[in-house]
Amino acid sequence: PDVASPHTQRSARSAAQLAKWFRWQAVLASEAAAHTASPGKGSLALWGDSITESWRGTSYGTPAGRANGTPAVLAQTLARRWPSPAVLAISGDQTQHLLWRLGDGGELPPPLASDGALTAVVMIGTNNLGAGHLPGPTAEGVLAVAREYLRRSRGRLLLCALLPRGDGAELLPR
């Protein structure tokens, strides 16, 4: 979980999901490259998995019913402080995928990385646990993402805790 890797056939449920992941990631990299800070307000970037992608109301860029109303909450809360926040998230992502996206995936391009007023919020790792990774390696992956962001960026970082999962007894070794 602490070595950068895009989604692969092993981490995707199907070839179609893998293709969707690469298409959506290309869109996010393009959005990151075009993102500009609001004068005097700085900028906000949210990186993560489906929980974070819900702020867009999507899953792999396609409207998701489970996220109905979530973009309006973003507009009424965080977007008041940081107009046009960049939501750079992909459903199903694990720590190693976000690590790749920040580097080779182009989602932290030089203009964004050099913005000292950038506030980044990262929530990642729950899908590592859901894939059967143990908490220790998952935490190392989360820390690798944080270190990579801080190494490449002049901005601030808010690293969020993982939300509880209900499938631990089914996934973790006994």
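Calculation notes
Residues numbered from 1 in each chain as written. Predicted model: local features only at pLDDT ≥ 70, side-chain atom pairs only at ≥ 80, totals over all residues. Heavy atoms only, no water. Phe/Tyr/Trp six-rings, centres within 6.5 Å; stacked < 30°, edge-to-face > 60°. Helix = DSSP H or I, 4+ residues; strand = E, 2+ residues; numbered from the N terminus. Buried < 20%, exposed > 50% of the residue type's maximum accessible area, 1.4 Å probe, protein only. Expected span 1.5 Å × (residues − 1). Contact = heavy atoms within 4.5 Å. Salt bridge = Lys/Arg side-chain N within 4 Å of Asp/Glu carboxyl O.

A.B. asks: What's the story with the packing of aromatic side chains in this structure? I'm lost.
C.D. replies: Each aromatic ring pair is summarised here by two numbers: the centre-to-centre distance and the angle between the ring planes. Taken as a whole and judged by the stated rule, the model has four aromatic pairs. Taken together, a centroid distance of 6.5 Å and an interplanar angle of 80 degrees make the contact between Phe 22 and Trp 100 edge-to-face. Placement of Phe 22 in helix 1 (residues 15-34) and of Trp 100 in helix 5 (residues 95-102) is noted, with a sequence separation of 78 residues between them. Assessed through its relative accessible area of 35%, Phe 22 is described here as partly exposed.

A.B. asks: Sorry if this is basic, but what is going on with helix 8 (residues 135-152) here?
C.D. replies: Taking 1.5 Å of rise per residue, the 18 residues of helix 8 would be expected to cover 26 Å, and the 26 Å separating its terminal C-alpha atoms lies within 8% of that figure. Among all positions in helix 8, only Thr 138, Gly 141, Val 142, Ala 144, Val 145, Ala 146, Glu 148 and Tyr 149 are buried. Where helix 8 is buried, its residues contact strand 1 (43-48), helix 5, strand 5 (118-123), helix 7 (126-130) and strand 6 (156-159).

A.B. asks: Which parts of the structure should I look at to understand the pattern of salt bridges?
C.D. replies: Opposite charge on two side chains lets them pair, provided their charged atoms get close. One pass over the full model with this rule turns up five salt bridges. A salt bridge links Arg 101 to Glu 107; its shortest N-O distance comes to 2.8 Å. The pair formed by Arg 101 and Glu 107 is uniform in burial state, with each residue classed as buried. Between Arg 151 and Glu 148 there is a salt bridge, with the nearest N and O atoms lying 2.9 Å from each other. Of this pair, Arg 151 and Glu 148 both sit in helix 8, three residues apart, roughly one helical turn. Given the relative accessible area of 60%, Arg 151 is considered exposed. Residue Glu 148 is classed as buried on the basis of its relative accessible area, which comes to 16%.

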